[in-house]
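For reference, the chains in residue letters:
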Amino acid sequence: MTGGTAVRGGITVATSAADLHALAEAHSAHNYHPLPVVIAEGEGAWVTDTEGRRYLDMLAAYSALNFGHRHPALVAAAQRQLDRVTLVSRAFEHDQFGPFCAELAELAGMEMVLPMNTGAEAVETAIKTARKWGYEVKGVPAEQAVIVAFEGNFHGRTTTIVSFSTDPDARASFGPYTPGFRVVPYGDADALAAAMDEVVVGVLVEPIQGEAGVVVPPPGFLAAVRDLCTAHGALMIADEIQSGLGRAGTTFACEAEGVVPDMYLLGKALGGGIVPVSAVVSSRDVLGVFQPGQHGSTFGGNPLACAVGREVIAMLATGEYQERSAKLGEHLHGRLAGLPRDVVREVRGRGLWAGLEFATLSGRVACERLAARGVLAKDTHGTAIRLAPPLVISEPDLDWGIDQLEAAIRD
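Residues numbered from 1 in each chain as written. Predicted model: local features only at pLDDT ≥ 70, side-chain atom pairs only at ≥ 80, totals over all residues. Heavy atoms only, no water.

I'd like a description of the overall build of the chain, backed by residues and values.
Each helix and strand in the chain was counted, giving 14 helices and 17 strands. The globule rule puts the C-alpha radius of gyration for 411 residues at 22 Å, and the 22 Å found for the chain is close to it. Across its three principal axes, the chain shows a C-alpha extent of roughly 65 × 55 × 45 Å. With 411 residues in all, the chain has 53% of them scored as buried. Considering only contacts in the chain between residues 6 or more positions apart, those separated by 24 or more positions represent 70%. If you sum the accessible surface of the chain, you get close to 17,600 Å²; carbon and sulfur atoms cover 53% of it. (Helix = DSSP H or I, 4+ residues; strand = E, 2+ residues; numbered from the N terminus. Rg over C-alpha atoms; globule rule 2.2 N^0.38 Å. Buried < 20%, exposed > 50% of the residue type's maximum accessible area, 1.4 Å probe, protein only. Contact = heavy atoms within 4.5 Å. Areas by Shrake-Rupley, 256 points an atom, 1.4 Å probe, with all protein chains shown as cover.)

Take a look at the structure:
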């Protein structure tokens, strides 16, 4: 290897961070604007770039890495399954599928599971489920079903999902848009009440809005959503793809208000940071509307995904990670509360999840300064950054990361 390149199979391949970043810029669509950090290895809460520099990962792939990089139990589960079978499609059963569905349903206190791959697929599945349920069970006239969503939402970027997004970057220039949605202000129970009528089949809500900057709704809002859905015979659909599976200090963020939705949408952490796994989890009355051929995925519920997902469920069943998130989250928010308010205008969040809104600093600049100090975070909506360290992070490492944040905002 010389000059930041290596010869592999007769082809010269770039290995330096600068060259690898240049390759990505030249040959990948620019649908992301990543920091110029090229990661080569990861373990626990830490990653190492191609130059050997270590960074504390305070983003955890938007909660997909709740259990850190290469958690030994999850890697072992994947390796065991890799030695057996990885894909059969849903044309056949495999020995991981039934147990995965049963164990996830039990964790969520539900009855049935429809596994998919990505979070956006889970949301699309929920939309189809709610509409089909609305027509066949609630009795909504054909083609009139409505789903209510909220301003500031982020549920994915498929054509249908961006149709009810209020983020110009996600929505602009992708029309014509899919009809059948109403959007009301997040956290406003009165506005939701005004939007409810006999054709509303579901209310799609993030218990905490992640992409919006870790926005926590006012107390009582989720309970009001639950009550309004019950009163109007609509499904409460909780998108817990980012907020669920321990991130907010409980298995599900809805638990903060003692609320049980009709449907959980799960993803990200369910795949243990190894494979994409998502799922819709609900009752037999709701998911029972599907018949063979009406919805599916070649890779959804594949053996490798189910094996890793089962290990994630087993880890969460102990309660250890939820407890760590709650305890370390209290410590995190205690320290963030002490940041100077002339620079950090607002701190939001719950558990090991925080959004910082800056008064005089752009989120991008803050993340660049953090990266220079060995901490990885992500900006959003111009003036905010998100912190979501792995639930396995140690308290000393967490403190070190916050120390770097304090230093970075003074730079």
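I'd like a rundown of the pairing of strand β13 (residues 344–349), residues and numbers included.
Two strands pair when backbone bridges link them, and β13 and strand β14 (residues 354–358) are joined in this way by five bridges, in the antiparallel orientation. Bridged to Val-347 within β14 is Leu-356. Connecting the antiparallel pair β13 and β14 is a turn made up of four residues, with Gly-351 showing a positive phi of about 65 degrees. (Pairing = 2+ DSSP bridges.)

Lay out the environment of Ile-147 in plain terms, naming residues and giving numbers.
Residue position: Ile-147 is located in strand β7 (residues 146–150). Along the primary structure Ile-147 and Thr-50 are separated by 97 residues, whereas in three dimensions their C-alpha atoms are 46 Å apart. When neighbours within four sequence positions are excluded, Ile-147 is seen to be in contact with Ile-127, Ala-130, Arg-131, Gly-180, Phe-181, Arg-182, Val-201, Gly-202 and Leu-204.

Break down the pattern of salt bridges for me, citing the residues and quoting the values.
This model, assessed by the stated rule, comprises 17 salt bridges. With its nearest N and O atoms 2.5 Å apart, the salt bridge here joins Arg-84 to Asp-95. You can see Arg-84 sitting in the loop between α3 (72–82) and α4 (97–108) and its partner Asp-95 sitting in the loop between α3 and α4, a full 11 residues away along the chain. By relative accessible area, which is 49% here, Arg-84 ends up partly exposed. For Glu-346, the salt bridge goes to Arg-348, with nearest N and O atoms at 3.0 Å. (Salt bridge = Lys/Arg side-chain N within 4 Å of Asp/Glu carboxyl O.)

Which residues make up the pairing of strand β12 (residues 278–282), and what values do they have?
Counting buried residues in β12 gives five out of five residues, a clear majority hidden from the surface. Where strand β6 (residues 112–116) lies against β12, five bridges are found, and the strand directions are antiparallel. Bridge assignment links Met-116 to a residue of β12, and that residue is Ser-278.

With reference to specific residues and values, describe the sheet that holds strand β17 (residues 384–387).
An order of β13-β14-β17-β16 is seen for the four strands of this open sheet, with the pairing classed as antiparallel. Only two strands of the sheet have a single neighbouring strand rather than two, namely β13 and β16 (378–380). The sheet shows a mean angle of 25 degrees between the axes of neighbouring strands, direction not considered. Bridge analysis of β16 against β17 gives three bridges, and the strand direction is antiparallel. (Axes fitted to C-alpha atoms, helices over the stretch in contact; angles between N-to-C directions.)

A description of the packing of aromatic side chains should follow, citing residues and the corresponding values.
Going through the model one piece at a time under the given rule, you end up with seven aromatic pairs. Centroid distance Phe-150 to Tyr-186: 6.0 Å. Interplanar angle 80 degrees. Geometry classified as edge-to-face. Of the two residues, Phe-150 sits in strand β7 while Tyr-186 sits in the loop between β8 (181–184) and α8 (189–195), which places them 36 residues apart along the sequence. In this structure Phe-150 comes out as buried when scored by relative accessible area, which is 2%. With a relative accessible area of 16%, Tyr-186 lands in the buried category. Consider the rings of Phe-150 and Phe-221, whose centres lie 5.5 Å apart with planes at 80 degrees: the pair is edge-to-face. Placement of the pair is Phe-150 in strand β7 and Phe-221 in helix α9 (residues 221–232), with a sequence separation of 71 residues. In this pair, the class of Phe-150 matches that of Phe-221, namely buried. Ring pairs connect the aromatic residues Phe-150, Tyr-186 and Phe-221, which therefore count as one cluster. (Phe/Tyr/Trp six-rings, centres within 6.5 Å; stacked < 30°, edge-to-face > 60°.)

Which residues make up the sheet that holds strand β5 (residues 54–57), and what are the values?
Spatially, β3-β4-β5-β15 is the arrangement adopted by the four strands of the open sheet, whose pairing is mixed. Among the strands making up the open sheet, the edge pair consists of β3 (39–43) and β15 (375–376).

Can you lay out α3 for me, pointing to particular residues and giving the numbers?
All buried positions along α3 are accounted for by Leu-74, Ala-77, Ala-78 and Gln-81. All buried residues of α3 project into a common sector of 95 degrees when viewed along the axis, lining one side. Turning to α3, the residues buried within the fold contact α11 (303–317). (Arc of directions from axis to C-beta.)

Could you give me a rundown of the environment of Ala-238, with the residues and numbers involved?
In this fold, Ala-238 is placed in strand β10 (residues 235–239). When sequence neighbours within four positions are dropped, the list of residues in contact with Ala-238 reads Val-205, Pro-207, Cys-254, Pro-261, Met-263, Tyr-264 and Leu-265.

Outline the packing of α3 against α11, listing residues and values.
As a packed pair, α3 and α11 sit with axes 9 Å apart at the nearest point and diverge in direction by 150 degrees. Considering their axes alone, α3 and α11 lie roughly antiparallel with respect to each other. As α3 packs across α11, the resulting crossing turns out to be right-handed. In this structure, α3 contributes Ala-73, Leu-74, Ala-77, Ala-78, Arg-80, Gln-81 and Leu-82 to the contact, and α11 contributes Pro-303, Leu-304, Ala-307, Val-308, Glu-311, Val-312 and Met-315. Residue composition of the contact of α3 with α11, by class: 11 nonpolar, one polar and two charged. (Parallel < 35°, antiparallel > 145°, perpendicular 65-115°, else oblique. Left-handed = near helix turned anticlockwise from the far one by under 90°. Nonpolar A, V, L, I, M, F, W, Y, C, P; charged D, E, K, R; others polar.)

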